[in-house]
Amino acid sequence: MKKLWKLISFDHLMVSLLTVLTGGLLTLVSINLTIFNPMKRAFQDFSMVDVYNEIMRGNGAVELNDEITLVDMTELYDRSAIASLIKEVSECNPKVLVIDLIFERPGFDENENAYLKNTLDSIPNSIIACKLTDYDDEKKMFRHNISSFFYEPESATKLGFSNVVSGDGFNTIRKFTYQQMYQGHTVYSLSYMAASMAQGVKPTPQLHNERSISYSETDFPVVGHNDVAVNRKLIENRIVFIGTMNEEADMHITPHGKMPGMKIQAYTTLSILNQKDLIDAPILWSILLMVVVCYFSAFAGVWIDRKFNLSKLYWLKFYYFVVAAVIGWIGFYCYSRFNYNFSLVYPLLGLALVETGRLEYKWIIIVLSKKKVNIVKKSVYYVPLD
């Protein structure tokens, strides 16, 4: 019993705290020193949700969604041709028609401008994109916008902003918002307006504004601009997005590689329709889990050192592999079963640094032993000096 108590002693708690402190210092350094900027980016951009989604999509059997269709007009530049495409798609009776295009300036031909505007005005179930810019941190609102020349966000009910949440500008796109303030007015996102119109309800301000995009194990049928008539069944009674699929300027980084903005909007709309809201565990839970993992790893390290003296390195590697796999499995189960996301960055970081924590603690014990501090004789790391 005494041996067991010695193994689960105060030493392991100290090792755990040293490991957490080391991890905290590394995180602080990576955030504040420019030389560690790549580490900062990797740390901020790490998400186990990406791994979970890859596992769920891993069988390769991706089904085509039967609620949303994408119409690709990458090759069209003439505004009259774009207007004709919009009109042709609307005649196929989509449930909602989303125009993920912004016509910033009038064209040279006034007739084309009028034809385009009149076409959009004549479609009651249509929404057109805009982009909010120049965010005011003090007033918590956007001051400017980029929108089509014939609509303004504060006055038009057809406009929805296409902005998504991308962190500091380099992060993978994982989140969106329902609404934003623009010059004192509440404006809604393109995807939220599309989902609301499809459900026959008006968009209203949401209490939890920011949500995760669920890049589910589904894909969307894509109809070329020349193939609308022959693909009427893929358009009728569906949410239809018209935009570009192969325009490099509109490609964005997602957990599944580069993706056109229109497709991201489609996944966002589907996330709202499915009401699949990911719940993120408080960061405190991740830090507590890190401490627990470090404590038991410190205990396991001492036990393995004594039990397998010659082959301890192999057993330690095996132990850390198993623990990492168990942590990953628990995280995946919580995500897939309860839609609950534990951030595993800290527990996995602790697992990677716990041996460093043990070495630091051994060094402290050696230093205190040389200084004749008697209390260290009770430590499991104490080695009598000659």
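Everything discussed here concerns the structure shown above.
Residues numbered from 1 in each chain as written. Predicted model: local features only at pLDDT ≥ 70, side-chain atom pairs only at ≥ 80, totals over all residues. Heavy atoms only, no water.

**Some details on the environment of Glu67**
Now for step 1: Structurally, Glu67 is set in the loop between β1 (63-64) and β2 (68-72).
Now for step 2: Separated by 153 residues in sequence, Glu67 and Phe220 place their C-alpha atoms 8.6 Å apart. (Helix = DSSP H or I, 4+ residues; strand = E, 2+ residues; numbered from the N terminus.)

**Examining the nonpolar core**
Now for step 1: Of all hydrophobic cores here, the largest spans 31 residues; its most connected members are Ile86, Val89 and Ile242.
Now for step 2: Those elements that place two or more of their residues in this core are α5 (79-90), β3 (96-99), α6 (110-121), β4 (126-136), β6 (159-161) and β13 (239-243).
Now for step 3: Per element, the largest residue contribution to this core is five residues, and it comes from α5.
Now for step 4: Leave out the neighbours within four places in its chain, and Ile242 touches Val71, Met73, Leu85, Ile86, Val89, Leu97, Val98, Ile99, Asp100, Leu101 and Met262.
Now for step 5: Ranked by size, the runner-up nonpolar core spans 30 residues in total, among them Tyr192, Ala195, Ile213 and Met245. (Core = buried A, V, L, I, M, F, W, Y, C linked by side-chain atoms within 4.5 Å. Buried < 20%, exposed > 50% of the residue type's maximum accessible area, 1.4 Å probe, protein only. Contact = heavy atoms within 4.5 Å.)

**Digging into helix α8 (residues 261-274)**
Now for step 1: The first and last C-alpha atoms of α8 sit 20 Å apart over 14 residues, in line with the 20 Å expected at 1.5 Å per residue.
Now for step 2: Taking burial as the measure, the 14 residues of α8 include 13 buried ones, the bulk of the element.
Now for step 3: Phi turns positive, to about 55°, at Gln275, one or two residues after α8. (Expected span 1.5 Å × (residues − 1).)

**Quick word on the packing of aromatic side chains**
Now for step 1: For the coordinates displayed, the defined rule picks out 12 aromatic pairs.
Now for step 2: Taken together, a centroid distance of 4.8 Å and an interplanar angle of 65° make the contact between Phe220 and Tyr267 edge-to-face. Of this pair, Phe220 sits in the loop between β11 (218-219) and β12 (222-224) while Tyr267 sits in helix α8; the two residues are 47 residues apart in sequence, bridging distant segments of the chain.
Now for step 3: Classification of Phe220 by relative accessible area gives buried; the value is 3%.
Now for step 4: With 5.9 Å between their ring centres and 75° between their planes, Trp303 and Phe308 make a pair best called edge-to-face.
Now for step 5: Using a relative accessible area of 39% as the deciding quantity, one classes Trp303 as partly exposed.
Now for step 6: On the basis of relative accessible area, Phe308 is assigned to the partly exposed category, the value being 22%.
Now for step 7: Taken together, the ring pairs connect Phe176, Tyr178, Tyr188 and Tyr192 into an aromatic cluster. (Phe/Tyr/Trp six-rings, centres within 6.5 Å; stacked < 30°, edge-to-face > 60°.)

**Re the pairing of β4**
Now for step 1: When β3 meets β4, the two strands line up parallel, connected through three bridges. Looking at β4, one finds that Leu97 is bridged to Ser126.
Now for step 2: Here β4 runs beside β6; their pairing, made up of three bridges, is parallel. Of the residues in β6, the one forming a bridge with Ala129 is Gly160.
Now for step 3: Two strands pair when backbone bridges link them, and β4 and strand β5 (residues 141-146) are joined in this way by five bridges, in the antiparallel orientation. Bridging from a neighbouring strand, Lys131 pairs with Ile146 of β5.
Now for step 4: Connecting β4 to the next strand, β5, in antiparallel fashion are four residues, including Lys140 with a positive phi near 55°. (Pairing = 2+ DSSP bridges.)

**So, the pattern of salt bridges**
Now for step 1: Following the criterion strictly, the structure yields nine salt bridges and no others.
Now for step 2: Where Lys263 meets Asp219, a salt bridge forms, and the shortest distance between an N and an O atom there is 3.0 Å. One end of the pair, Lys263, is in helix α8; the other, Asp219, is in strand β11, with 44 residues separating them in the sequence.
Now for step 3: Overall, the relative accessible area of 16% leaves Lys263 in the buried class. (Salt bridge = Lys/Arg side-chain N within 4 Å of Asp/Glu carboxyl O.)

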